[in-house]
Amino acid sequence: MKSIKKYLFVMAALAVVLGFASCKQDRGPSIVAEFECKTEYDTSVVTFYADGTFSAVVTESSYGVKGQEFAAGTYVGDPSADEEITVTFTKYTRDEYFVNKEVSHKIRSGKISSMFIAGDEYIRK
């Protein structure tokens, strides 16, 4: 009877340990820098990740498109520093012309000007 209790205790302990080990969340690549642009119509955020990708999402909108990713791609350079970065769009819903094209942007004083629309200014968060 004692050996059955030991066996059941060991099995229960293994179940608990394996249960916690299997609950690890995949958080994805870490964030290098985020930039935000607020206009009278919407707010969008561009996030640059450590794996060399970026994503642009509308976070607030008077048009009802909140949460929509409108651009994505890869980048070269350090968006956390004031320097030039080169982005290559793999997705850009506002103008298909830019898909698979490289575009360079200078980051000055924590700001990127006209990244998507002329005159818009993205400020590092």
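The text that follows walks through the structure, step by step, so that each part is easy to find. (Residues numbered from 1 in each chain as written. Predicted model: local features only at pLDDT ≥ 70, side-chain atom pairs only at ≥ 80, totals over all residues. Heavy atoms only, no water.)

What follows deals with unusual backbone geometry. Not every positive phi belongs to a glycine, and Asn100 is a case in point at roughly 65°. Overall, Asn100 belongs to the exposed group, its relative accessible area being 61%. Notably, Ser109 is not glycine yet its phi reads approximately 50°, a positive angle. Note on placement: Ser109 falls in the loop between strand 6 (102-108) and strand 7 (111-113). Taking relative accessible area as the criterion, Ser109 reaches 64% and is therefore assigned exposed. (Buried < 20%, exposed > 50% of the residue type's maximum accessible area, 1.4 Å probe, protein only. Helix = DSSP H or I, 4+ residues; strand = E, 2+ residues; numbered from the N terminus.)

If you walk around this closed barrel you meet the 8 strands as 1-2-3-4-5-6-7-8, and the pairing is antiparallel. Across the sheet, the axes of successive neighbouring strands diverge by a mean angle of 30°, strand direction being ignored. Bridging between strand 3 (residues 53-61) and strand 4 (residues 69-76) involves 5 bridges; their strand directions are antiparallel. When the bridges of strand 4 are listed, Val57 appears paired with Glu69. (Pairing = 2+ DSSP bridges. Axes fitted to C-alpha atoms, helices over the stretch in contact; angles between N-to-C directions.)

If you walk through the whole model with that rule in mind, you get 9 aromatic pairs. Ring centres of Phe35 and Phe48 lie 5.9 Å apart, and the angle between their planes is 85°; on these two criteria the pair is classed as edge-to-face. Here the residue Phe35 occupies a position in strand 1 (residues 31-38), and Phe48 occupies one in strand 2 (residues 42-49), the gap between them amounting to 13 residues. Accessibility assignment for this pair places Phe35 and Phe48 in one class, buried. Taken together, the ring pairs in this structure connect Phe35, Phe48, Phe54, Phe70, Tyr75, Phe89, Tyr92, Phe116 and Tyr122 into an aromatic cluster. (Phe/Tyr/Trp six-rings, centres within 6.5 Å; stacked < 30°, edge-to-face > 60°.)

Attention now goes to a nonpolar patch on the surface. A cluster of nonpolar side chains, namely Tyr41, Tyr63 and Val65, defines an oily patch on the protein surface of about 310 Å² accessible area. Looking at where Tyr41 falls in the secondary structure, it is placed in the loop between strand 1 and strand 2. For Tyr41, a relative accessible area of 43% translates into the label partly exposed. (Patch = residues over 30% accessible without salt bridge, like charges linked within 9 Å, V, L, I, M, F, W, Y side chains within 5 Å. Areas by Shrake-Rupley, 256 points an atom, 1.4 Å probe, with all protein chains shown as cover. Salt bridge = Lys/Arg side-chain N within 4 Å of Asp/Glu carboxyl O.)

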